[in-house]
Amino acid sequence: YFRTNSLPHIWCPGCGNGIVTRSIVEAIDNLNLDRDKVCIVSGIGCSSRASGYLDFNTLHTTHGRALTFATGIKMANPDLEVIVITGDGDCSAIGGNHLIHASRRNIDITTIVYNNNIYGMTGGQYSPTTPKGDKGTTAPYGSIDTDFDLCNLTAGAGATYVGRATVFNPKLIVKLIENGIKNKGFSFIETVTTCPTYYGRKNKKGSAVDMMRYLKDNSINIEAAKNLEADKLKDKIIVGELYKNIRPEYTDEYTKIVDSF
Ligand code: SF4
């Protein structure tokens, strides 16, 4: 499933992007999807490079616009399994509007965000998911913005399958992606990943191993989280299947109208 004729990847040592990308491939393989029916669309950023490494129909698009290209592809060919790879800056800053409207439409696209809490490729600027108080090159004294909870954002906007996992637990990433692909509607999977080069270094998070250990020690499954009071969940990463719903899918609704003429 990986292109053998492409150049070696250029992700930094300790970057979690490879773990997420491998998990996507494993989910596709487990579901036995026809490779010719899979279309992977990405925006711009470190994570969005993944489309260039994968041997499916792929489209590496413009910054923040992966979901608009993906929407066009899905509308033109609803039989394709359209998967979007994006980063936190790509999908929730410049592409934030597209994310909420794809959720609202419940179009049958599976979106996987590699959330490293910072802009990596462009040099460590803080993103909409940089935790309040954490540093980036554009927030040298700490961000004063309240960070987005991307899962709450997409569930609130209308996505019908929402889940979160960290790169410490790739098995959970695979399971969420499989279920997201199976969901007939907009699926959003947040993968919390490591960027030792910028987020880690700017915020003194230690080595990639230390960052992995942090993800392990600070994740809590949604089922366990339900039994805890809110103050015990502060700074915890709640993982698992967070939200599911069933409602009409966008291309189905559109096809019904077109067929009625
Ligand atoms: Fe990964 Fe960060 Fe390096 Fe980008 S800058 S490849 S996200 S470690």
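So, here's what we can say about the structure. (Residues numbered from 1 in each chain as written. Predicted model: local features only at pLDDT ≥ 70, side-chain atom pairs only at ≥ 80, totals over all residues.)

## Quick look at the site of the ligand
We apply this condition: Throughout this description, a residue near a molecule or strand is one whose C-beta atom, derived from the backbone, lies within 6 Å of it. To qualify as a helix, a DSSP run of H or I must reach at least 4 residues; to qualify as a strand, a run of E must reach at least 2; elements of each kind are numbered from the N terminus. Classification used: nonpolar for Ala, Val, Leu, Ile, Met, Phe, Trp, Tyr, Cys and Pro, charged for Asp, Glu, Lys and Arg, polar for all others including Gly.
Neighbouring residues of the ligand: Trp11, Cys12, Cys15, Asn17, Cys46, Asn116, Gly120, Met121, Cys195, Pro196, Thr197 and Tyr198. Looking at which element gives the most residues to the shell around the ligand, the answer is helix 8 (residues 196-202), with 3 residues. Residues of the shell around the ligand, tallied by class, amount to 8 nonpolar, 4 polar and no charged.

## Here we look at the sheet that holds strand 2 (residues 57-60)
Put simply, the rule is: Following DSSP output, two strands are said to pair if at least two bridges run between them. Here an axis means a line fitted to C-alpha atoms, over the contact stretch when the element is a helix, while the angle between two N-to-C directions is reported on a 0 to 180 degree scale. For every residue pair, C-beta atoms are placed from the backbone, and the pair is scored as a contact if these atoms sit within 7 Å.
Spatial ordering of the open sheet is given by 2-1-3-4-6-5-8-7, a layout of 8 strands whose pairing is mixed. Looking along the sheet, the strands with just one partner apiece sit at the ends: strand 2 and strand 7 (219-221). Across the sheet, the mean angle separating the axes of adjacent strands is 20 degrees when strand polarity is ignored. For strand 1 (residues 38-42) and strand 2, the ladder comprises 4 bridges, and the chain directions are parallel. Across the sheet, Ile40 pairs through a bridge with Thr58, a residue of strand 2. Lying over the sheet, helix 1 (residues 17-30) contacts strand 1, strand 3 (81-87), strand 4 (109-115) and strand 6 (187-192), oriented at roughly 160 degrees with respect to strand 4.

## What to know about helix 7 (residues 170-182)
For clarity, the cut-off: The length a helix should cover is 1.5 Å for every residue beyond the first.
A rise of 1.5 Å per residue sets the reference length of helix 7, with its 13 residues, at 18 Å; its end C-alpha atoms lie 18 Å apart and thus fit the reference within 8%. For helix 7, the elements touching its buried residues are helix 1, strand 3, strand 4, strand 5 (161-166), strand 6 and strand 8 (237-244).

## What about unusual backbone geometry?
Operational definition: With C-beta atoms placed from the backbone, a residue is buried if 20 or more other C-beta atoms are within 10 Å of its own, exposed if 12 or fewer are, and partly exposed between those counts.
Positive phi, close to 60 degrees, is recorded for Asn32, a residue that is not glycine. Mapped onto the elements, Asn32 comes out in the loop between helix 1 and strand 1. Not every positive phi belongs to a glycine, and Lys204 is a case in point at roughly 50 degrees. Relative to the assigned elements, Lys204 resides in the loop between helix 8 and helix 9 (208-218). Residue classification places Lys204 among the exposed positions, given that 8 C-beta atoms sit within 10 Å.

## A look at helix 6 (residues 150-157)
Rules: Comment: arc refers to directions from the helix axis out to C-beta atoms.
Looking only at helix 6, the buried set comprises Leu150, Cys151, Leu153 and Thr154. One face of helix 6 carries all of its buried residues, which in axial projection span an arc of 160 degrees. Those residues of helix 6 hidden inside the fold are in contact with helix 4 (88-94), helix 5 (96-105), strand 4, strand 5, strand 6 and strand 8.

## Some details on the nonpolar core
Side chains that are nonpolar tend, in soluble globular proteins, to be buried together. Basically, it comes down to this: Take the buried Ala, Val, Leu, Ile, Met, Phe, Trp, Tyr and Cys residues, join any whose C-beta atoms are within 7 Å, and the set you get is a nonpolar core.
Grouped together as the largest cluster of nonpolar side chains are 49 residues, with contacts concentrated most on Val41, Ala70, Ile83, Val84, Ile112 and Ile177. Ranked by residues supplied to this core, first place goes to helix 7 with 6 residues. If sequence neighbours within four positions are ignored, Ile83 has contacts with Ile24, Val38, Ile40, Thr110 and Ile112. Counting 7 residues, the second largest nonpolar core, distinct from the first, contains Tyr119, Tyr126, Tyr198 and Tyr199.

## Description of the packing of helix 3 (residues 66-76) against helix 5
Packing of helix 3 against helix 5 brings their axes to within 8 Å, and their N-to-C directions diverge by 35 degrees. Of the residues in helix 5, those touching helix 3 at Leu67, Thr68 and Thr71 are His98, Leu99 and Ala102. Split by residue class, the contact of helix 3 with helix 5 holds 3 nonpolar, 3 polar and no charged.

## Considerations on the environment of Ala165
With respect to the helices and strands, Ala165 occurs in strand 5. Accessibility expressed as a C-beta count within 10 Å gives 27 for Ala165, which makes it buried. Separated by 25 residues in sequence, Ala165 and Glu190 have C-alpha atoms that sit 6.5 Å apart. Contacts of Ala165, omitting those with residues within four sequence positions, involve Leu172, Ile173, Leu176, Thr191 and Val239.

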